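If you want the building blocks of each chain, they are given just below.
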Amino acid sequence: MSHDTQALLQAVSAELGDIATGVKSAGDLMGEVMSHLSAQNRLSYMARIQSFDVLVQRLEALSGLSGALSREQPLDSALAALPLAEMAERLQEAAHRGSPKAPAANAQDTVQTSGELHLFD
């Protein structure tokens, strides 16, 4: 990876971290505003306010991924370290889209697709 790409990934990581901090602050502010609402009104907004937490987690995960890649961590290791399993799965799939499939271990494995179980040859 060239130094320019590393520097770019590090800058993206920092930007995502800053955005995550801003979203967290906005979520905290909304929590303060909600404390002034009646209990009934507060419940109707609670799920929407919790979406701020999800956004922060996703931004922090992407920031961590960009940072890991900027330090030349292997792609699969960086993706496996993501704390959000669904995001890791989506990004893993995207990263390997179009990759050649691994060859079969041997020809016999590819022939036995009928569902028969052979314990001994």
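A. Representation of helix 2 (residues 39-70) in the model. Its 32 residues give helix 2 an end-to-end C-alpha distance of 46 Å, which sits within 8% of 46 Å, the value for a rise of 1.5 Å per residue. At Met-46, helix 2 is bent by approximately 45°, the largest bend along its length. Within helix 2, the full set of buried residues consists of Ile-49, Val-56, Leu-59, Ala-61, Ser-63, Leu-65, Ser-66, Gly-67, Ala-68, Leu-69 and Ser-70. Remark: Glu-72 follows helix 2 within two positions and exhibits a positive phi of approximately 60°.

B. Spotlight on the side chain of Ser-70. Relative to the elements of secondary structure, Ser-70 occurs in helix 2. A distance of 2.7 Å separates a polar atom in the side chain of Ser-70 from a polar atom in the side chain of Gln-10.

C. Seen up close, the pattern of salt bridges. If you walk through the whole model with that rule in mind, you get two salt bridges. A salt bridge links Lys-24 to Asp-28, with the shortest nitrogen-to-oxygen separation between them at 3.4 Å. Placement of the pair is Lys-24 and Asp-28 together in helix 1 (residues 3-34), with a separation of four residues, close to one helical turn. Residue classification places Lys-24 among the partly exposed positions, given a relative accessible area of 43%. Between Glu-93 and Arg-97 there is a salt bridge, and its shortest N-O distance comes to 3.7 Å. For the pair formed by Glu-93 and Arg-97, the shared burial category is exposed.

Reading the values: the criteria
- Residues numbered from 1 in each chain as written.
- Predicted model: local features only at pLDDT ≥ 70, side-chain atom pairs only at ≥ 80, totals over all residues.
- Heavy atoms only, no water.
- Helix = DSSP H or I, 4+ residues; strand = E, 2+ residues; numbered from the N terminus.
- Expected span 1.5 Å × (residues − 1).
- Bend = angle between axes of the 7 residues up to and from the residue.
- Buried < 20%, exposed > 50% of the residue type's maximum accessible area, 1.4 Å probe, protein only.
- Polar contact = N/O pair within 3.5 Å; in protein donor to acceptor, adjacent residues only side chain to side chain.
- Salt bridge = Lys/Arg side-chain N within 4 Å of Asp/Glu carboxyl O.

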